[in-house]
There are 2 protein chains.
Amino acid sequence: MLKLYDFLDSGNGYKVRLTLTQLGIPYELVEVDILTGGSRTPEFLAKNPNGRIPLLEFEDGRRLAESNAIICYLAEGTPLLPADPWLRAQVLQWMFFEQYSHEPNIATARFWVKHLQLDDLRRRMLEDKMKAGNAALGVMQRHLAGHAFFVDDRYSVADIALFAYTHVAGEAGFDLAAYPAVQTWIARVREQSGHKPITAR
Amino acid sequence: MLKLYDFLDSGNGYKVRLTLTQLGIPYELVEVDILTGGSRTPEFLAKNPNGRIPLLEFEDGRRLAESNAIICYLAEGTPLLPADPWLRAQVLQWMFFEQYSHEPNIATARFWVKHLQLDDLRRRMLEDKMKAGNAALGVMQRHLAGHAFFVDDRYSVADIALFAYTHVAGEAGFDLAAYPAVQTWIARVREQSGHKPITAR
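Residues numbered from 1 in each chain as written. Chains lettered and ligands numbered in written order. Predicted model: local features only at pLDDT ≥ 70, side-chain atom pairs only at ≥ 80, totals over all residues. Heavy atoms only, no water.

Draft legend 1. Molecular detail of the environment of A75 of chain B. All names here are of chain B. With respect to the helices and strands, the residue A75 is situated in helix α3 (residues 67-75). For A75, a relative accessible area of 0% puts it in the buried group. Beyond its immediate sequence surroundings of up to four residues, A75 is in contact with L23, L80, L81 and V157. (Helix = DSSP H or I, 4+ residues; strand = E, 2+ residues; numbered from the N terminus. Buried < 20%, exposed > 50% of the residue type's maximum accessible area, 1.4 Å probe, protein only. Contact = heavy atoms within 4.5 Å.)

Draft legend 2. Looking closely at the state of the cysteines. Evaluated as defined, the whole model comprises zero disulfides over all chains. Lacking any disulfide linkage, C72 of chain A is separated from the closest cysteine sulfur, that of C72 of chain B, by 9.2 Å. In this structure C72 of chain A comes out as buried when scored by relative accessible area, which is 5%. (Disulfide = S-S within 2.5 Å.)

Draft legend 3. Focus on the side chain of S67 of chain B. Summarising the element assignment, S67 of chain B is placed in helix α3. Once residues lying within four places of it in the same chain are set aside, the contact partners of S67 of chain B are N12, K15, V16, P54 and Q99 of chain B.

Draft legend 4. Region of the structure containing the packing of aromatic side chains. With the rule as written, the count across this model stands at 21 aromatic pairs over all chains. Taken together, a centroid distance of 4.7 Å and an interplanar angle of 55° make the contact between W94 of chain A and F150 of chain A tilted. You can see W94 of chain A sitting in helix α4 (residues 85-115) and its partner F150 of chain A sitting in the loop between α5 (120-144) and α6 (157-166), a full 56 residues away along the chain. Grouping residues by exposure puts W94 of chain A and F150 of chain A together as buried. Ring centres 6.3 Å apart and planes at 50° place the aromatic pair Y14 of chain B and F163 of chain B in the tilted group. Separated by 149 residues along the polypeptide, Y14 of chain B in helix α1 (residues 11-22) and F163 of chain B in helix α6 (residues 157-166) bring together distant segments of the chain. It is R62 of chain A that lies over the ring of F58 of chain A; its NZ or CZ is 4.4 Å from the centre. (Phe/Tyr/Trp six-rings, centres within 6.5 Å; stacked < 30°, edge-to-face > 60°. Lys NZ or Arg CZ within 6 Å of the ring centre and 35° of its normal.)

Draft legend 5. Up close: the packing of helix α1 (residues 11-22) of chain A against helix α3 (residues 67-75) of chain A. All names here are of chain A. The geometry of α1 relative to α3 is characterised by a closest axis approach of 9 Å and an angle of 10° between their N-to-C directions. One finds that α1 runs roughly parallel with respect to α3. Counting all contacts with α1, which are made through N12, K15, V16, T19 and L20, the residues of α3 involved are S67, N68, I70, I71 and L74. (Axes fitted to C-alpha atoms, helices over the stretch in contact; angles between N-to-C directions. Parallel < 35°, antiparallel > 145°, perpendicular 65-115°, else oblique.)

Draft legend 6. Structural context of empty space enclosed by the protein. Overall, the coordinates contain three cavities of 30 Å³ or more when judged by the stated rule. If you go around the largest cavity, you meet 19 residues; those closest to its centre are E76, R88 and L92 of chain A together with R88 and L92 of chain B. Counting only elements with at least two residues in the lining of the largest cavity, the list comes to α3 and α4 of chain A together with α3 and α4 (85-115) of chain B. Per element, the largest residue contribution to the lining of the largest cavity is five residues, and it comes from α4 of chain A. (1 Å grid on protein atoms, 1.4 Å probe; cavity = no way out; pocket = protein on both sides within 12 Å on 5 of 7 lines; lining within 4 Å. Points joined across faces, edges and corners; volume = space filled by probe spheres on them.)

Draft legend 7. Representation of α3 of chain A. Burial analysis of α3 of chain A places eight of its nine residues in the buried class, the great majority of the element. Taken together, the buried positions of α3 of chain A are S67, N68, A69, I70, I71, C72, L74 and A75 of chain A.

Draft legend 8. The arrangement of the interface of chain B and chain A in detail. Between chain B and chain A, the residue contacts involve 38 residues of the former and 37 residues of the latter. Between chain B and chain A, roughly 3,500 Å² of surface is buried when both sides are summed, and carbon and sulfur atoms account for 68% of that area. Contact with chain A buries surface across chain B, with W86, F96 and Y100 of chain B losing the most and accounting together for 23% of the total. Joining chain B to chain A, the criterion identifies zero salt bridges. (Buried area = accessible area lost by both parts, 1.4 Å probe. Salt bridge = Lys/Arg side-chain N within 4 Å of Asp/Glu carboxyl O.)

Draft legend 9. Quick peek at the sheet that holds strand β4 (residues 63-65) of chain B. Residue and element names in this part refer to chain B. Spatially, the four strands line up as an open sheet ordered β2-β1-β3-β4, and their pairing is mixed. Both outer strands of the open sheet, β2 (27-31) and β4, are each paired with one neighbouring strand and no more. The sheet shows a mean angle of 20° between the axes of neighbouring strands, direction not considered. Here three bridges tie strand β1 (residues 2-6) to strand β3 (residues 55-57), and the two strands are oriented antiparallel to one another. (Pairing = 2+ DSSP bridges.)

Draft legend 10. Fine view of the pairing of strand β1 (residues 2-6) of chain A. Extensive coverage of β1 of chain A is indicated by the burial of four of its five residues. Taken together, β1 of chain A, α1 of chain A and strand β2 (residues 27-31) of chain A constitute a β-α-β crossover, and its handedness is right-handed. (Right-handed = clockwise from strand over helix to strand, strands pointing away.)

Draft legend 11. Summary view of the sheet that holds β1 of chain A. All names here are of chain A. The strand order β2-β1-β3-β4 describes an open sheet built from four strands, whose pairing is mixed. Every other strand in the sheet has two partners, leaving β2 and β4 (63-65) as the edge strands with one partner each. Strand-to-strand twist of the sheet, defined as the mean angle between neighbouring strand axes without regard to direction, takes the value 20°. By the bridge criterion, five bridges tie β1 to β2 in an arrangement that is parallel. Residue pairing in the sheet places Y5 in a bridge with V30 of β2. Lying on the sheet, α1 is in contact with β1 and β2; it crosses β1 at an angle near 155°.

Draft legend 12. Looking closely at α4 of chain B. All names here are of chain B. Most pronounced at E103, the bend in α4 amounts to some 55°, and the proline P104 follows within four residues. Within α4, 25 of the 31 residues are buried, which leaves it mostly tucked inside the rest of the structure. A side-chain oxygen of the first residue of α4 lies 3.1 Å from the backbone nitrogen of W86; this N-cap is D84. (Bend = angle between axes of the 7 residues up to and from the residue. Polar contact = N/O pair within 3.5 Å; in protein donor to acceptor, adjacent residues only side chain to side chain.)

See below:
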């Protein structure tokens, strides 16, 4: 059976749990406590030298890191990843947007607010992250005002990737009421067959 | 003809210029001065709402953003992107590593050092970026100590993505002499047919 090394509060991990569940693929969850250094032990670094969850391990020992690479691989040949090259290009465009312009701001702000004591440096960095996170939400709002989903008006791994931290952005202090099309899309993603919440195993 | 909106000193733009050149695809370069807000004008934001270069525009008006999404799309069906799903998964894993763990540290540190006056906040953030950038270079060193290239010991878009800012990491103050396998790989990438330097049009 697949083994998923993960931390339940992680949106990056949630992307993989949600994709596996919606595709009906069974997996064993191995919880790694990233708050106490669980992803930086010699044992874990031997599995993923980059020291991050989620990490997917196959029965034959192969391992794959990076949430968006994992869900693309799992979704290959399913309705969650279009076969058409131009549609795939747009899926990847939104997934790289997520990892570069969205996650480092919204997810990191959420992690800091939830789990860290903020010193002066972090407080000033948090202001930058709120600004950049709102810019990312603005880009999403503008796109979703004219589209049901991110690519080809169909639910795909691009939606899963962007849903993971957007729907909990309020925990970092972002006001999603300012982004009504994003809110409508969040409701639409929640209606998809096999949906489950972020901390569900 | 393809139009590439780009800034010559950008490693993200260089990925696309190098891929287009190595694939023999002609393109018109449209220079955008990101130092004077050229990627945040109303005209440019109408093309890419995320306000970033590189942006590739096709003759029929289609547009694609995000350097790594662009080079995956261009490389589809060529030796630069393997067809095998597991090899593709590894290519994407390294490309998401690049955009999340490598570029925001090494490229951002380089941009700050080259183009900005650093205040106290930025100086302290730069220390964090040097530490995280060295961690990313360490992950690359560990992998390249046993491999000629990142995936399947063959040159691919994963190498192009990681080469772009690694080979200029010295401009940010990183000491590549500490990463001998990375240096050997840099030389190997430079030997590939059709290679050209970062600021070549």
